[in-house]
Amino acid sequence: MLFAFLLSLLLLFGVVGVCVGLIAVGTYVCPDETEDVAGLAVELWLTSFKVLALVLDVVVSIVWLLLCILFQLLVGNRQLFDGNKPNTSETTVTVITGASSGIGRELALQYARRGDVVVVAARRQHRLEEVVAACRKEGAKSAFSLVYDASKESSGQDLINSVVEHYGKIDRLVLNAGIGGTFSTMEDFINEQRNGASDSDSHHWKGHVPLEQLERIMEVNFWGYVRATIAAIPELKKSPTRNPSIVVVSSMYGKIAAPFQPVYSGSKHALQGFFNTLRPELARSGISVSIHCPGGIETEVQSKLQSSSGDFVTLSLPDVFLAKAEHCARSIIHMADHGKPESMFPLYARLFSSIHSLWPHTFDNYFSDLVNFYFDVGLMDLQ
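Keep in mind that this is a model prediction, so the values were computed, not measured. Going along each chain's sequence as written, the residues are numbered from 1 onward. Local features in this predicted model are restricted to residues whose pLDDT is 70 or higher, and side-chain atom pairs enter the listing and the counts only when it is 80 or higher, whereas totals over whole chains, interfaces and linings include all residues. Only hydrogens and water are removed before side-chain values are computed, so all heavy atoms of the structure are retained for them.

Further remarks concern the overall build of the chain. Helix and strand labels come from DSSP, where a helix needs a run of H or I of at least four residues and a strand needs a run of E of at least two; each type is numbered from the N terminus. Secondary structure assignment for the chain yields 10 helices and 13 strands. Note on exposure labels: buried denotes an accessible area under 20% of the residue type's maximum, exposed denotes more than 50%, and partly exposed covers the range between, all computed with a 1.4 Å probe on protein chains only. Within the chain, the proportion of its 383 residues that are buried is 44%. By the convention used here, residues are in contact when the closest approach between their heavy atoms is within 4.5 Å. Intrachain contacts of the chain at a sequence separation of at least 6 include 74% that bridge at least 24 residues. Each accessible area value is a Shrake-Rupley result obtained with a 1.4 Å probe; residue values ignore everything except the protein chains displayed when judging cover. When the accessible area of the chain is evaluated, it comes to approximately 19800 Å², of which 60% is carbon and sulfur surface.

A few words on the packing of aromatic side chains. Aromatic contacts are taken between Phe, Tyr and Trp rings whose centres are within 6.5 Å, Trp giving its six-membered ring; a plane angle under 30 degrees counts as stacked, one over 60 as edge-to-face, and the others as tilted. Summed over the entire model, instances satisfying the criterion amount to 6 aromatic pairs. Here a set of aromatic residues connected by ring pairs shows up, and it is made of F222, W223, F274 and F275.

Side chains that differ in sign of charge can pair as their charged atoms come close. Whenever a carboxyl oxygen of Asp or Glu lies within 4 Å of a side-chain nitrogen of Lys or Arg, that contact is scored as a salt bridge. Inspection of every chain in the model, using the stated rule, returns 9 salt bridges. Here R227 ties to E219 by a salt bridge, and the two come within 2.9 Å at their closest N and O atoms. The exposure class assigned to E219 is partly exposed, which follows from its relative accessible area of 28%. Residue K324 pairs with E298 through a salt bridge whose shortest N-O separation is 3.5 Å. In this pair, K324 sits in the loop between β11 (315–316) and α8 (325–337) while E298 sits in the loop between β8 (288–294) and β9 (305–306), placing the two residues 26 residues apart along the sequence. For K324, a relative accessible area of 44% gives the class partly exposed.

Next up on the list: α8. Multiply 1.5 Å by the residue count of a helix minus one, and that product is the helix's expected span. Compared with an ideal rise of 1.5 Å per residue, which puts 13 residues at 18 Å, α8 spans 18 Å between its outermost C-alpha atoms and is within 8% of the ideal. Of all 13 residues making up α8, 10 are buried, and the element is well covered by its neighbours. Backbone geometry just after α8 places G339 at a positive phi near 65°.

It is at 8 Å that the axes of helix α6 (residues 211–237) and helix α7 (residues 262–283) come closest, and there the two elements cross at 15°. If you check the angle between α6 and α7, you find them roughly parallel. For α6 against α7, the interelement crossing comes out right-handed. Of α7, the residues touching α6 (which contributes L214, I217, M218, N221, F222, Y225, V226, T229 and I233) are V263, Y264, G266, S267, K268, A270, L271, F274, F275, L278 and L282. Side-chain classes are defined by residue name, with Ala, Val, Leu, Ile, Met, Phe, Trp, Tyr, Cys and Pro counting as nonpolar, Asp, Glu, Lys and Arg as charged, and the others, Gly among them, as polar. Here the contact of α6 with α7 is built from residues that sort into 15 nonpolar, 4 polar and 1 charged. Lines fitted to C-alpha atoms define the axes, with helix axes restricted to the stretch in contact, and inter-axis angles between N-to-C directions lie between 0 and 180 degrees. By definition in this entry, angles of less than 35 degrees are roughly parallel, angles greater than 145 are roughly antiparallel, angles of 65 to 115 are roughly perpendicular, and the rest are oblique. What makes a crossing left-handed is the near helix being turned counterclockwise from the far one by less than a right angle; a clockwise turn instead makes it right-handed.

Let's shift gears to the confidence of the model for the chain. The pLDDT averaged across the chain works out to 77; a share of 62% of its residues lies at or above 70. Each residue gets a pLDDT score, which is the predictor's confidence in that residue and runs from 0 to 100. Here residues 75–88 scores under 50 on pLDDT; set against residues more than four positions off or in separate chains, the count is 27 contacts.

With that settled, the discussion passes to unusual backbone geometry. The peptide bond linking F345 to P346 adopts the cis configuration, its omega dihedral lying at 0°. With respect to the helices and strands, the residue P346 is situated in the loop between β12 (342–345) and α9 (347–358).

Turning to the sheet that holds strand β2 (residues 117–122), a few remarks are in order. Strand pairing follows a simple DSSP-based rule, namely that at least 2 bridges must link the two strands. Across the sheet, which stays open at both edges, the 7 strands sit in the order β3-β2-β1-β4-β7-β8-β12 with parallel pairing between neighbours. With one partner strand each, in any of the chains shown, β3 (142–147) and β12 form the two edges of the open sheet. The average angle at which neighbouring strand axes cross in this sheet is 15°, direction not considered. Helix-sheet contacts for helix α3 (residues 102–113) involve β1 (93–97), β2, β4 (172–175), β7 (245–249) and β8, and the interaxial angle to β1 is about 170°. The strands touched by α8 within the sheet are β7, β8 and β12, with β8 carrying the most contacts at an inclination of about 155°.

With that settled, consider helix α4 (residues 125–138). In a regular helix each residue adds 1.5 Å, so 14 residues correspond to 20 Å; α4 covers 20 Å between its end C-alpha atoms and thus fits that length. Residues of α4 that are buried include every one of L128, V131, V132, A134 and C135, and no others. Projection of α4 onto a plane perpendicular to its axis shows the buried side chains occupying an angular sector of 165°, all on one side. Opposite the packed face of α4, turned more than 90 degrees from it, sit the exposed residues R136 and K137. Taken together, the buried residues of α4 touch α3, β2 and β3. Where α4 terminates, the next one or two residues include G139, which has phi positive at roughly 115°. What the arc measures is the spread of directions leading from the helix axis to the C-beta atoms.

Once that is clear, we can look at the environment of V163. Relative to the assigned elements, V163 resides in helix α5 (residues 155–167). The spatial distance from the C-alpha of V163 to the C-alpha of L146 is 8.7 Å, given a sequence separation of 17 residues. Contacts of V163, omitting those with residues within four sequence positions, involve V93, V95, V119, L146, G168, K169 and I170.

Shown next, in the form of structure tokens:
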């Protein structure tokens with residue numbers, strides 16, 4: 001059917017071309033009578049050419065998108081089954097930040113099942129102790145925890161120094177420590193000029209969330225990743241393993257816009273730019289850099305969003321948009337094992353990103369309308 005449709009367009013284009021040719025001959029024979037008609041015919045021919053080019057572009061884009069979806073369905077789902085392959089090489093030292101819960105915890109458990117030395121790092125010591133015990137039970141050759149606050153400037157270097165002191169090396173750095181931040185329009189955070197205020201306190205935020213809270217999102221979600229990476233690179237270059245790696249857990253919102261989360265989305269877009277640039281630089285040293293961009297995952301992040309009033313709220317999403325953290329972790333490990341530069345999970349995240357790359361303006365408009373519609377009808381809600 002598609003072939004017949006394209007053939008019909010080509011035949012139409014050919015017929016119009018022939019008509020133009022005949023009119024051109026008539027113009028040469030009888031220029032006075034046919035000049036206006038010839039001009040109209042040429043314009044019609046050019047218009048038909050533009051229409052044909054547009055249709056072909058749309059058809060090719062749709063076919064490419066369908067092939068991507070088919071590939072994801074046939075091949076991508078294998079990510080859910082091979083995340084716990086046994087590690088037959090020498091023991092790998094894997095450092096995971098943000099490992100006290102959610103995706104980070106699942107990553108720690110799955111690397112433990114492979115017999116890795118697992119170092120988990122996060123702020124909540126009591127939660128880390130539970131993860132360490134679970135890792136040992138799952139088969140980790142060794143498990144160790146470190147208190148780590150990604151917002152502190154020295155935390156990245158301190159983390160790497162502690163790991164090298166205990167195990168002598170680092171083979172894999174998994175960066176997962178992030179926060180959800182605020183959930184509100186930027187209009188609620190407008191920096192306004194006070195009437196009659198002095199220069200020292202001339203600006204304030206309209207909402208109850210201070211500017212420092214927005215800056216902290218960048219500190220944790222971007223600079224925390226950067227500082228740990230800078231500290232780890234010299235040790236990764238000395239790693240005896242064949243494939244030392246940096247694994248970055250970013251977000252689908254590093255690829256597309258995130259309505260009501262502009263600073264969060266900005267921090268994730270910054271990660272994409274930094275690590276995509278770092279990848280070719282480290283390739284010469286044999287260090288792979290992989291970025292994973294998950295969509296909605298069942299974690300604590302949805303309950304740690306802050307409104308402009310300063311209250312913490314929970315974002316309720318339709319179940320269809322929430323995947324299991326365990327499955328997401330398997331997808332991340334699959335990506336890292338195969339040295340992929342980038343991966344997305346679940347399927348709709350890849351689909352959204354593909355559509356956005358083809359038709360960015362149209363996607364942004366409809367995606368914003370979709371989010372607003374979901375809030376209006378109650379499919380999405382802030383509790």
